[in-house]
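# Descriptive analysis of the structure
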Amino acid sequence: MGQYEEKTLNKKELAWKKDALELGEGLIEKYSGKEIATLTISLLDDAFENAMQTTWWKRPRKFMIATGLGYALGQYLVDQLGFEWIAYKDYQGKDIAVKHQASGIISFPISAIRKRLKTKEYRFMEDYVQVLKKELTMIKKEIPRLHYVSQSKVGLTHLEAIKEACQAGCKWVQLRMKEVTFQEYLDTAMAAKTICQNYQVKLTINDNAAVAKAVQADGLHLGKEDMSPLEARKIVGDIIIGGTANTWEDVQRLSKEQVDYIGLGPFRYTTTKKKISPVLGIDGYTRIIDQMKAQEIDIPVLAIGGINPSDIKAILSTGVWGIAASGLITNAKDKQKTCTEIMQQLKD
Ligand SMILES: Cc1ncc(COP(=O)(O)OP(=O)(O)O)c(N)n1
Ligand SMILES: Cc1ncsc1CCOP(=O)(O)O
Ligand SMILES: [Mg+2]
């Protein structure tokens, strides 16, 4: 791709988008014959096809169709797949587009309709969205199945715990420090990064986007009380961002916030985290993963909270991708043996 520039929409473009979406809503209701409770792609396809099959003197101008339905299609991608509106400019000119920040995919919904007006391909949107969904799944980042969440205890600092987890074979470490100053978090994160690099282990930072950015961490984990993943993405860029979910509603929200994985829990009561949500158990994971499958939400899920090696088989059978564990590894007498046993069960 040659040189191009992308910007967020300016005031004039935002006002234009608002008018275009109103126009689109009117067109969809008129030509699909249905009121829009929730916008679906089949409503959009119906509206486009029926509008174009209307006798030509009653038909809306092509420019209005491309604008109204194009913006409606773009808004669907924003609402359902986590895209953002952008103004895109290259040597051919300026166009309004939507971009999926985490993957870098840019789509031009208004131009897409303009093109189909010429090719007379009036039911293209279902396929168009499916292709985008597939591209998003294909470029998903690799998430290991075992995450070690750091913990200190008497006689063991976070850095020592992290080094021991690396030596024991963990490939992904989350630095999770509470009640520390920014400087202390940053200094420890810097040192953790060096340790992890020595063992070729990926490092993720809990809670703090600024620390993750400063140490060029591989990932950032954000809970419901932390910065939103979409906000954090603007700070840390294209690293792995995980989000916490305790309920199906949380999963639905996170699916629109461009997270690369979901930490779903707690599996069981644990003393590692203060203020813990109600436990999910195997039934909770089964219910939520089934809902994700039904809604085609294809984001890897890690189970977390009080997990023991003997839980792993049942946890995986629910469709969960992997686990995040803290106490289990921190307190293991033989960390190498414990990690090997976990990883064998996870087939990682
Ligand atoms: C992998 C993973 N999943 C969930 C959490 C919990 O994050 P959060 O809800 O923000 O709670 P704290 O860890 O910040 O206390 C996690 N850290 N990692
Ligand atoms: C951070 C976190 N979030 C939910 S449970 C938990 C603690 C996980 O630690 P442990 O594996 O020791 O229960
Ligand atoms: Mg948090």
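Look up: the structure comes first, before these words.
Right, let's walk through the structure included here. (Residues numbered from 1 in each chain as written. Chains lettered and ligands numbered in written order. Predicted model: local features only at pLDDT ≥ 70, side-chain atom pairs only at ≥ 80, totals over all residues. Heavy atoms only, no water.)

### Some points on helix H3 (residues 62–81)
Helix length check: H3, at 20 residues, gives a terminal C-alpha distance of 27 Å against a target of 28 Å (1.5 Å per residue), a fit within 8%. Looking at the residues trailing H3, positive phi occurs at Gly 82, about 80°. (Helix = DSSP H or I, 4+ residues; strand = E, 2+ residues; numbered from the N terminus. Expected span 1.5 Å × (residues − 1).)

### Some points on the packing of aromatic side chains
Scanning all chains against the criterion turns up eight aromatic pairs. Here the aromatic rings of Tyr 4 and Tyr 88 are separated by 4.9 Å at their centres, their planes lie at 20°, and the arrangement is stacked. Placement of the pair is Tyr 4 in the segment before strand S1 (5–7) and Tyr 88 in strand S2 (residues 84–90), with a sequence separation of 84 residues. Tyr 4 gets classed as partly exposed once you look at its relative accessible area, which sits at 36%. Aromatic pair Tyr 71 and Trp 85: ring centres 5.2 Å apart, planes at 25°, arrangement stacked. Of this pair, Tyr 71 sits in helix H3 while Trp 85 is found in strand S2, placing the two residues 14 residues apart along the sequence. Of the two residues, Tyr 71 and Trp 85, both sit in the buried class. An aromatic cluster is defined as three or more aromatic residues linked by ring pairs; in this entry it consists of Phe 48, Tyr 122, Phe 124 and Tyr 128. Between the NZ or CZ atom of Arg 145 and the centre of the ring of Trp 321, over which it lies, the distance is 3.6 Å. (Phe/Tyr/Trp six-rings, centres within 6.5 Å; stacked < 30°, edge-to-face > 60°. Buried < 20%, exposed > 50% of the residue type's maximum accessible area, 1.4 Å probe, protein only. Lys NZ or Arg CZ within 6 Å of the ring centre and 35° of its normal.)

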